[in-house]
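Per-entry structural report
Here is what each chain is made of, one letter per residue.
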Amino acid sequence: MLTPGVRVKGVVTSNVGNPIAGVRVTLGNYSRFTDDLGQFTLSPVLPGTYRLIAEKPGYEKATRDGVSIGADEASFDITLTRQVSGRIIFEKGLLDKTSFGISVVNADGSGLVKELTNSADKSPGWSPDGSKIVFQGKGQGREGGAWKIYTMNADGSGIRNISQNAENDIMPAWSPDGTMIVFVHWDILGQPAIYVMDANGGNRKKITDCAEEGAPTWSPDSDKIAFVKKTKIGEEIEFEEEA
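Presented here is an overview of the structure given in this document. (Residues numbered from 1 in each chain as written. Predicted model: local features only at pLDDT ≥ 70, side-chain atom pairs only at ≥ 80, totals over all residues. Heavy atoms only, no water.)

1. Re the pattern of salt bridges
- In the structure shown here, the tally under the stated rule is four salt bridges.
- Of the charged contacts in the structure, one is a salt bridge between K9 and E73, with a shortest N-O distance of 3.4 Å. Here K9, found in strand β1 (residues 6-14), pairs with E73, found in the loop between β6 (62-69) and β7 (74-80); they are 64 residues apart in sequence, far enough to count as distant.
- K9 gets classed as partly exposed once you look at its relative accessible area, which sits at 30%.
- D65 is the partner of R51 in a salt bridge, and the nearest nitrogen-oxygen pair spans 2.5 Å. Within this pair, whereas R51 is found in strand β5 (residues 48-55), its partner D65 is found in strand β6, the two being separated by 14 residues in sequence.
- Take R51: its relative accessible area is 46%, and that puts it in the partly exposed class.
- Each of R7, K9 and E73 takes part in a single network of salt bridges with overlapping partners. (Salt bridge = Lys/Arg side-chain N within 4 Å of Asp/Glu carboxyl O. Helix = DSSP H or I, 4+ residues; strand = E, 2+ residues; numbered from the N terminus. Buried < 20%, exposed > 50% of the residue type's maximum accessible area, 1.4 Å probe, protein only.)

2. Some words on the sheet that holds strand β17 (residues 205-206)
- Spatially, β14-β15-β16-β17 is the arrangement adopted by the four strands of the open sheet, whose pairing is antiparallel. The sheet terminates laterally at β14 (168-174) and β17, the two strands that pair on one side only.
- Here five bridges tie β14 to strand β15 (residues 180-186), and the two strands are oriented antiparallel to one another. Its bridge partner being in β15, N168 is matched across the sheet by W186. (Pairing = 2+ DSSP bridges.)

3. What about the pairing of strand β3 (residues 30-33)?
- Of the pairings in the sheet, the one linking strand β2 (residues 24-27) to β3 comprises four bridges and is antiparallel in character. Residue pairing in the sheet places L27 in a bridge with Y30 of β3.
- Remark: two residues form the turn of the hairpin made by β2 and β3, two consecutive strands paired antiparallel; G28 in that turn has positive phi of roughly 65°.

Right under this line is the structure:
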């Protein structure tokens, strides 16, 4: 005897059109997970009216009410949108680029926080745990003159100069393991090189020769640093292992 019901199939994709595996698709009491191609099949499904739900951690749940299943095979395309969470830190300045400050906004664009700083502060970045911010700053109550590297709490309190240096320190980036900060130091002759230091400002160490180097960033395991180096034929990306 044949089991009554029909086959319901479909595909789940992201809002940019990529298939999503591991999505739980539920139609009434019927449930399946999508395969590597984002496809699912529910069978046999009895005729009736159902609620269709597609959900996966990290995505907004998709719900469709009043789904009617009759005597014929049915097919549905479902689109999921990634959940947006966390906060974005950025520098906020005037059109003439003479004044900068650091602000924070929710990742979905809501909840603009008042400026955490209103000095000439730039290049902010989060510590890995999101509790602190590193940035370059000068002027308006700071030591003035050269750019310094500062840290502060996520709410803008506890600003601290960790450069302790007379020349310019710029472009800071916190290591993923939270222990170090990489930055660009301009010496008295105006030659930039890549340096690292402990997150509290100790143990400053030069790791490249002065050769117009900048924009340092960490590898995910904190073992290597990528940076841009200007050469006679243009700019190139190089890697340095952090010893």
